[in-house]
Amino acid sequence: MINGDFKSEELTESLKTKVLKTFAVFDTDGSKEIDKTEAVNHWKNKFGKLSAKEFFNQVDSDGNGTIEEDEFLRFWMIAKAYGVTEEEIELELENIADGETWAAFTEMPNLAKNVTEKMIKSKGSIDE
(Lines give C-alpha, C1' and ligand atoms only; values in the text may rest on other atoms or scores of the structure.)
Protein backbone atom coordinates (compact mmCIF):
# COMPACT_ATOMS: atom_id res chain seq x y z
CA MET A 1 0.00 0.00 0.00
CA ILE A 2 1.16 3.51 -0.70
CA ASN A 3 1.51 5.79 2.29
CA GLY A 4 -0.99 8.65 2.39
CA ASP A 5 -4.32 8.63 0.63
CA PHE A 6 -3.33 6.28 -2.18
CA LYS A 7 -4.18 2.65 -2.08
CA SER A 8 -3.24 -0.32 -4.18
CA GLU A 9 -4.62 -3.77 -4.53
CA GLU A 10 -2.71 -6.95 -5.30
CA LEU A 11 -3.12 -8.46 -8.75
CA THR A 12 -3.52 -12.16 -9.39
CA GLU A 13 -0.32 -13.94 -10.41
CA SER A 14 -1.77 -14.44 -13.89
CA LEU A 15 -2.39 -10.72 -14.29
CA LYS A 16 1.03 -9.81 -12.89
CA THR A 17 2.55 -12.03 -15.58
CA LYS A 18 0.53 -10.23 -18.27
CA VAL A 19 1.56 -6.84 -16.90
CA LEU A 20 5.23 -7.83 -17.05
CA LYS A 21 4.86 -9.30 -20.56
CA THR A 22 3.31 -6.03 -21.72
CA PHE A 23 6.16 -4.13 -20.07
CA ALA A 24 8.63 -6.29 -22.04
CA VAL A 25 6.96 -5.30 -25.33
CA PHE A 26 8.13 -1.73 -24.66
CA ASP A 27 11.47 -2.59 -23.04
CA THR A 28 13.17 -3.54 -26.29
CA ASP A 29 16.70 -3.28 -24.86
CA GLY A 30 15.93 -5.45 -21.82
CA SER A 31 17.07 -2.77 -19.36
CA LYS A 32 14.00 -3.22 -17.09
CA GLU A 33 13.18 0.42 -17.88
CA ILE A 34 11.08 2.01 -20.59
CA ASP A 35 12.50 5.27 -21.89
CA LYS A 36 10.61 7.79 -23.98
CA THR A 37 12.23 6.63 -27.23
CA GLU A 38 11.07 3.06 -26.62
CA ALA A 39 7.55 4.31 -25.89
CA VAL A 40 7.37 6.48 -29.01
CA ASN A 41 8.79 3.65 -31.13
CA HIS A 42 6.14 1.31 -29.76
CA TRP A 43 3.31 3.64 -30.81
CA LYS A 44 4.21 4.10 -34.46
CA ASN A 45 0.83 5.59 -35.37
CA LYS A 46 0.17 9.31 -35.73
CA PHE A 47 -0.62 9.57 -32.01
CA GLY A 48 2.64 7.95 -30.89
CA LYS A 49 4.16 11.02 -29.25
CA LEU A 50 0.87 11.91 -27.58
CA SER A 51 0.42 8.35 -26.28
CA ALA A 52 3.99 8.29 -24.97
CA LYS A 53 3.55 11.67 -23.25
CA GLU A 54 0.31 10.60 -21.53
CA PHE A 55 1.84 7.22 -20.64
CA PHE A 56 4.74 8.92 -18.85
CA ASN A 57 2.48 11.50 -17.21
CA GLN A 58 0.45 8.73 -15.62
CA VAL A 59 2.97 5.97 -14.92
CA ASP A 60 6.38 7.59 -14.27
CA SER A 61 5.65 8.18 -10.58
CA ASP A 62 9.17 9.25 -9.62
CA GLY A 63 9.44 11.61 -12.60
CA ASN A 64 12.90 10.39 -13.61
CA GLY A 65 12.03 10.04 -17.30
CA THR A 66 11.92 6.26 -17.33
CA ILE A 67 9.26 3.76 -16.30
CA GLU A 68 10.65 0.87 -14.31
CA GLU A 69 8.94 -2.51 -13.99
CA ASP A 70 7.81 -1.78 -10.44
CA GLU A 71 6.24 1.54 -11.49
CA PHE A 72 4.35 -0.15 -14.32
CA LEU A 73 3.12 -2.93 -12.03
CA ARG A 74 2.23 -0.48 -9.27
CA PHE A 75 0.20 1.65 -11.72
CA TRP A 76 -2.05 -1.33 -12.46
CA MET A 77 -2.34 -2.20 -8.76
CA ILE A 78 -3.50 1.34 -8.07
CA ALA A 79 -5.88 1.23 -11.04
CA LYS A 80 -7.43 -1.93 -9.60
CA ALA A 81 -7.81 -0.33 -6.19
CA TYR A 82 -9.61 2.60 -7.83
CA GLY A 83 -12.18 0.32 -9.43
CA VAL A 84 -10.68 -0.91 -12.69
CA THR A 85 -11.43 -4.63 -12.88
CA GLU A 86 -8.83 -7.25 -13.72
CA GLU A 87 -10.77 -7.99 -16.90
CA GLU A 88 -10.55 -4.32 -17.91
CA ILE A 89 -6.85 -4.29 -17.08
CA GLU A 90 -6.28 -7.39 -19.22
CA LEU A 91 -8.11 -5.82 -22.16
CA GLU A 92 -6.17 -2.59 -21.80
CA LEU A 93 -2.86 -4.50 -21.62
CA GLU A 94 -3.75 -6.38 -24.82
CA ASN A 95 -4.64 -3.13 -26.55
CA ILE A 96 -1.44 -1.44 -25.40
CA ALA A 97 0.70 -4.39 -26.48
CA ASP A 98 -0.97 -4.28 -29.90
CA GLY A 99 0.02 -0.63 -30.30
CA GLU A 100 -3.32 1.00 -29.62
CA THR A 101 -3.10 4.45 -28.09
CA TRP A 102 -2.66 4.90 -24.36
CA ALA A 103 -6.01 5.60 -22.72
CA ALA A 104 -6.06 8.35 -20.15
CA PHE A 105 -7.41 7.04 -16.88
CA THR A 106 -9.56 10.05 -16.06
CA GLU A 107 -10.83 8.52 -12.83
CA MET A 108 -7.24 8.73 -11.60
CA PRO A 109 -6.10 12.22 -12.75
CA ASN A 110 -2.40 12.98 -12.48
CA LEU A 111 -1.89 9.73 -10.62
CA ALA A 112 1.88 9.55 -11.02
CA LYS A 113 2.42 13.12 -9.84
CA ASN A 114 -0.02 12.72 -6.96
CA VAL A 115 1.67 9.55 -5.77
CA THR A 116 5.08 11.21 -5.87
CA GLU A 117 3.81 14.26 -3.98
CA LYS A 118 2.24 12.08 -1.29
CA MET A 119 5.44 10.08 -0.92
CA ILE A 120 7.53 13.23 -0.57
CA LYS A 121 5.15 14.76 1.96
CA SER A 122 5.01 11.63 4.07
CA LYS A 123 8.67 10.72 3.45
CA GLY A 124 7.31 7.22 3.27
CA SER A 125 7.87 4.34 1.02
CA ILE A 126 5.83 1.98 -1.03
CA ASP A 127 5.09 -1.38 0.51
CA GLU A 128 3.81 -4.04 -1.83
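Being a predicted model, the structure only gives us computed values, none of them experimental.

Focus on the packing of aromatic side chains
What describes a pair of aromatic rings is the distance from one ring centre to the other and the angle between the planes of the rings.
Okay, so step 1: A complete count under the given rule lists 11 aromatic pairs for this structure.
Okay, so step 2: Summarising the aromatic geometry, the rings of Phe23 and Phe72 are spaced 5.8 Å apart at their centres and angled 55 degrees between planes, so their arrangement reads as tilted. Of this pair, Phe23 sits in helix α1 (residues 13–26) while Phe72 is found in helix α4 (residues 69–81), placing the two residues 49 residues apart along the sequence. Each of the two residues, Phe23 as well as Phe72, counts as buried.
Okay, so step 3: For the ring pair Trp43 and Phe55, a centre distance of 5.4 Å and an interplane angle of 80 degrees mean the geometry is edge-to-face. Linking Trp43 in the loop between α2 (36–42) and α3 (48–59) with Phe55 in helix α3, this pair joins segments that are 12 residues apart in sequence.
Okay, so step 4: Phe55 gets classed as buried once you look at its relative accessible area, which sits at 0%.
Okay, so step 5: Of the aromatic side chains, those joined through ring pairs into one cluster are Phe23, Phe26, Trp43, Phe55, Phe56, Phe72, Phe75, Trp76 and Trp102.

Details of the pattern of salt bridges
Okay, so step 1: Under the definition given, this model contains 7 salt bridges.
Okay, so step 2: Measuring nitrogen to oxygen at the nearest pair gives 3.7 Å for the salt bridge that ties Glu69 to Lys32. With Glu69 in helix α4 and Lys32 in the loop between α1 and β1 (33–35), this residue pair connects regions lying 37 residues apart in the sequence.
Okay, so step 3: The class of Glu69 is partly exposed, set by a relative accessible area of 25%.
Okay, so step 4: Owing to a relative accessible area of 47%, Lys32 belongs among the partly exposed residues under this scheme.
Okay, so step 5: Linked through salt bridges whose partners overlap, the residues forming this network are Glu9, Lys80 and Glu86.

What about the nonpolar core?
Okay, so step 1: Formed by 24 residues in total, the largest nonpolar core has its most connected members in Phe55, Phe72 and Trp76.
Okay, so step 2: Listing elements by their share of this core, those giving two or more residues are α1, α3, α4 and α5 (86–97).
Okay, so step 3: No other element matches the 6 residues that α4 contributes to this core.
Okay, so step 4: Every residue in contact with Phe55, bar those within four places of it in the chain, is listed here: Phe26, Ile34, Ala39, Trp43, Asp60, Ile67, Phe72 and Trp102.

Quick word on the confidence of the model for the chain
Okay, so step 1: Confidence along the chain averages 80 in pLDDT terms, with 74% of residues attaining 70 or more.
Okay, so step 2: In the model, residues 122–128 has pLDDT below 50 throughout and makes 16 contacts with residues more than four positions away in sequence or in other chains.

Overview of the environment of Thr22
Okay, so step 1: Among the secondary structure elements, Thr22 is positioned in helix α1.
Okay, so step 2: Using a relative accessible area of 5% as the deciding quantity, one classes Thr22 as buried.
Okay, so step 3: When the C-alpha atoms of Thr22 and Ala97 are compared, they prove to be 5.7 Å apart, with 75 residues separating the residues in sequence.
Okay, so step 4: Leaving out residues up to four positions away in the same chain, Thr22 has contacts with Phe72, Leu93, Ile96 and Ala97.

Calculation rules
- Residues numbered from 1 in each chain as written.
- Predicted model: local features only at pLDDT ≥ 70, side-chain atom pairs only at ≥ 80, totals over all residues.
- Heavy atoms only, no water.
- Phe/Tyr/Trp six-rings, centres within 6.5 Å; stacked < 30°, edge-to-face > 60°.
- Helix = DSSP H or I, 4+ residues; strand = E, 2+ residues; numbered from the N terminus.
- Buried < 20%, exposed > 50% of the residue type's maximum accessible area, 1.4 Å probe, protein only.
- Salt bridge = Lys/Arg side-chain N within 4 Å of Asp/Glu carboxyl O.
- Core = buried A, V, L, I, M, F, W, Y, C linked by side-chain atoms within 4.5 Å.
- Contact = heavy atoms within 4.5 Å.
- pLDDT = per-residue confidence, 0-100.

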